[in-house]
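# Examination of the molecular architecture
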Amino acid sequence: MATWRQRLPHREGVFLFPKGSGMQKNKTILDFQKMKAHGERIAVLTCYDFPTAGIMDDCGIDMILIGDSVGVVVAGYDNTLPVTMEEMIYHTKAVLRARPKAFVVADLPFLSYQTDLTSARLNAGRLIKDGGAAAVKLEGGKNVADTIAAIVDMDIPVMAHIGLTPQSLHRMGGFKVQGKGEEQAEKLLEDARAVERAGAFSVVLEGIPASLAGRITAELAIPTIGIGAGPACDGQVLVLHDILGLCSKYSPKFVKRYAELAPLISEAVSSYIAEVKAGTFPEERHSFK
Ligand code: KIV
């Protein structure tokens, strides 16, 4: 992981360290502003552990999100509501041990920022100080604008998240597409404007009509990162376990599976069991003299 000095941009966006010094490799929020300005798409994936962080960083991922989706795809909870700060810090630390060059954002879990600004600031600070993330993400629009502003005021970059916000599962009555119809669409546009005004450096648009995501993307100066929000967003994010075909339990329409790892794992584990039972593993080459 780069130290804060390595990450520190000069006020005008000129790095303090000379080109070629190896000090400029890490992605920062300034890169995402530039990418939006140049129409370069931003590729984001969730990640929760050391080995996959290293692999996806070597592939050149722009941003890594330690999402509270970890609760569902790794811990096996039914939804993200039970996820704790300790769990988020544990996974954030694991990802940061891979020293990714990608920009690392960690999710503020349910109940870590909704009750009061002091706990929101403290918990955001913990994801940076204890976890090592460069930014935090939280869910909500106008209703969390003050919270975003309070965290940004501590010089912690905040990614907003509007539309289908999984922590609002019970209010939404399930995981349903949001922003349908002009009234709802106008409300989401207001949310998008509010989080930008509050100082968010970027906003996730989840589960909303593609045309509405296009309107929001065209209006905002900050990059939009879509998930189930169509192709017009400035970038896309998906859950790693979904694209790898590791989670057969949930497969929303917006997911594209780039691999089917579950049957591969199953095959490997079955072969291992069979060889142990048959006494064909370990062989001499796996044993010490
Ligand atoms: O928790 C998560 O993984 C997320 C993304 C899906 C945006 O919030």
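How each quantity is defined
Residues numbered from 1 in each chain as written. Predicted model: local features only at pLDDT ≥ 70, side-chain atom pairs only at ≥ 80, totals over all residues. Heavy atoms only, no water. Helix = DSSP H or I, 4+ residues; strand = E, 2+ residues; numbered from the N terminus. Rg over C-alpha atoms; globule rule 2.2 N^0.38 Å. Buried < 20%, exposed > 50% of the residue type's maximum accessible area, 1.4 Å probe, protein only. Contact = heavy atoms within 4.5 Å. Areas by Shrake-Rupley, 256 points an atom, 1.4 Å probe, with all protein chains shown as cover. Lys, Arg positive; Asp, Glu negative; His and termini not counted. Charge placed at Lys NZ, Arg CZ, Asp CG, Glu CD. Pairing = 2+ DSSP bridges. Axes fitted to C-alpha atoms, helices over the stretch in contact; angles between N-to-C directions. Parallel < 35°, antiparallel > 145°, perpendicular 65-115°, else oblique. Left-handed = near helix turned anticlockwise from the far one by under 90°. Nonpolar A, V, L, I, M, F, W, Y, C, P; charged D, E, K, R; others polar. Near = heavy atom within 4 Å. Polar contact = N/O pair within 3.5 Å; in protein donor to acceptor, adjacent residues only side chain to side chain. Phe/Tyr/Trp six-rings, centres within 6.5 Å; stacked < 30°, edge-to-face > 60°. Core = buried A, V, L, I, M, F, W, Y, C linked by side-chain atoms within 4.5 Å. Salt bridge = Lys/Arg side-chain N within 4 Å of Asp/Glu carboxyl O.

Okay, the overall build of the protein next. Secondary structure summary: the protein contains 12 helices and 8 strands in total. Scaling as 2.2 N^0.38, a compact globule of 289 residues should have a C-alpha radius of gyration of about 19 Å, and the protein matches this with 20 Å. Taking the principal axes of the C-alpha coordinates as reference, the protein spans close to 65 × 50 × 35 Å. The buried share among the 289 residues of the protein stands at 47%. Restricting the contact set of the protein to residue pairs at least 6 apart, pairs at least 24 apart contribute 56%. Element-wise, carbon and sulfur atoms account for 57% of the exposed surface of the protein, whose accessible area totals about 15,100 Å². Of the side-chain charges in the protein, 32 are positive and 33 negative, and the distance between the mean point of each set is 3 Å.

Turning next to the environment of Leu81. Here Leu81 is to be found in the loop between α4 (70-73) and α5 (85-96). In sequence terms Leu81 and Gln167 are 86 residues apart; their C-alpha atoms lie 6.0 Å from each other. The residues contacting Leu81, other than those within four sequence positions of it, are Phe110, Gln167 and His170.

With that settled, consider the sheet that holds strand β2 (residues 63-66). As summarised here, the arrangement of the 8 strands in space is β1-β2-β3-β4-β5-β6-β7-β8, forming a closed barrel in which the pairing is parallel. Going across the sheet, the axis of each strand differs from the next one's by a mean of 25°, ignoring polarity.

This part is about the packing of α5 against helix α6 (residues 117-129). Interaxial distance between α5 and α6 falls to 9 Å at its minimum, and their mutual angle equals 25°. The angle between α5 and α6 places the two elements in the roughly parallel class. Relative to α6, α5 is oriented so that their crossing is right-handed. Facing α5, whose interface residues are Met85, Glu86, Met88, Ile89 and Thr92, α6 presents Asn123, Arg126 and Leu127. Of the residues in the contact of α5 with α6, the class split is 4 nonpolar, 2 polar and 2 charged.

Our focus in this paragraph is the site of the ligand. Around the ligand sit Thr46, Leu65, Gly67, Asp68, Ser69, Asp107, Lys137, His161, Val204, Ile227, Val237 and Val239, and that is every residue in its neighbourhood. At 3.0 Å from an oxygen atom of the ligand is found a side-chain nitrogen or oxygen belonging to Asp68. Here an oxygen atom of the ligand and a side-chain polar atom of Ser69 are 2.5 Å apart. For the ligand, whose free accessible area comes to 260 Å², the fraction covered by protein is 95%. Here the shell around the ligand is built from residues that sort into 5 nonpolar, 4 polar and 3 charged.

Moving on, we get to the packing of helix α7 (residues 145-152) against helix α9 (residues 182-198). For any two helices packed against each other, one specifies the crossing angle of their axes together with the interaxial distance. Orientation of α7 relative to α9, taken along the N-to-C sense of each, is 20°, at an axis distance of 8 Å. If you check the angle between α7 and α9, you find them roughly parallel. By crossing handedness, the relation of α7 to α9 is classed as right-handed. For the pair formed by α7 and α9, the contact residues are Ala145, Ile148, Ala149 and Val152 on the first element and Ala194, Val195 and Ala198 on the second. Across the contact of α7 with α9, the residue classes tally to 7 nonpolar, no polar and no charged.

Per the counting criterion, the structure on display carries 3 aromatic pairs. Taking the centre distance of 5.6 Å and the plane angle of 70° together, the rings of Phe32 and Phe103 count as edge-to-face. Highlighted residues: Phe32 in helix α2 (residues 29-37) and Phe103 in strand β3 (residues 103-107), separated in sequence by 71 residues. A relative accessible area of 1% places Phe32 in the buried class. When the ring of Phe103 is compared with that of Phe201, the centres are 5.5 Å apart and the planes differ by 75°; the resulting orientation is edge-to-face. In this pair, Phe103 sits in strand β3 while Phe201 sits in the loop between α9 and β6 (202-206), placing the two residues 98 residues apart along the sequence. Note on Phe103: relative accessible area 4%, which makes it buried.

Okay, the nonpolar core next. Counting residues in hydrophobic clusters, the biggest one holds 74 residues, and the most contacted among them are Leu108, Ile148, Ile151, Leu205 and Ile216. Here the element with the most residues in this core is α9; it accounts for 6 residues. Excluding its chain neighbours within four sequence positions, the residues that come into contact with Ile151 are Leu108, Ala120, Arg121, Ala124, Val136, Leu138, Ile156 and Val158.

With the rule as written, the count across this model stands at 14 salt bridges. Between Arg126 and Glu86 there is a salt bridge, with its nearest N and O atoms 3.1 Å apart. Within this pair, whereas Arg126 is found in helix α6, its partner Glu86 is found in helix α5, the two being separated by 40 residues in sequence. A relative accessible area of 48% means that Glu86 is categorised as partly exposed. Its salt-bridge partner being Arg215, residue Glu182 comes within 3.4 Å of it at the nearest N-O pair. Pair noted here: Glu182 is in helix α9 and Arg215 is in helix α10 (residues 210-219), with a separation of 33 residues, a long-range link. Assessed through its relative accessible area of 37%, Arg215 is described here as partly exposed.

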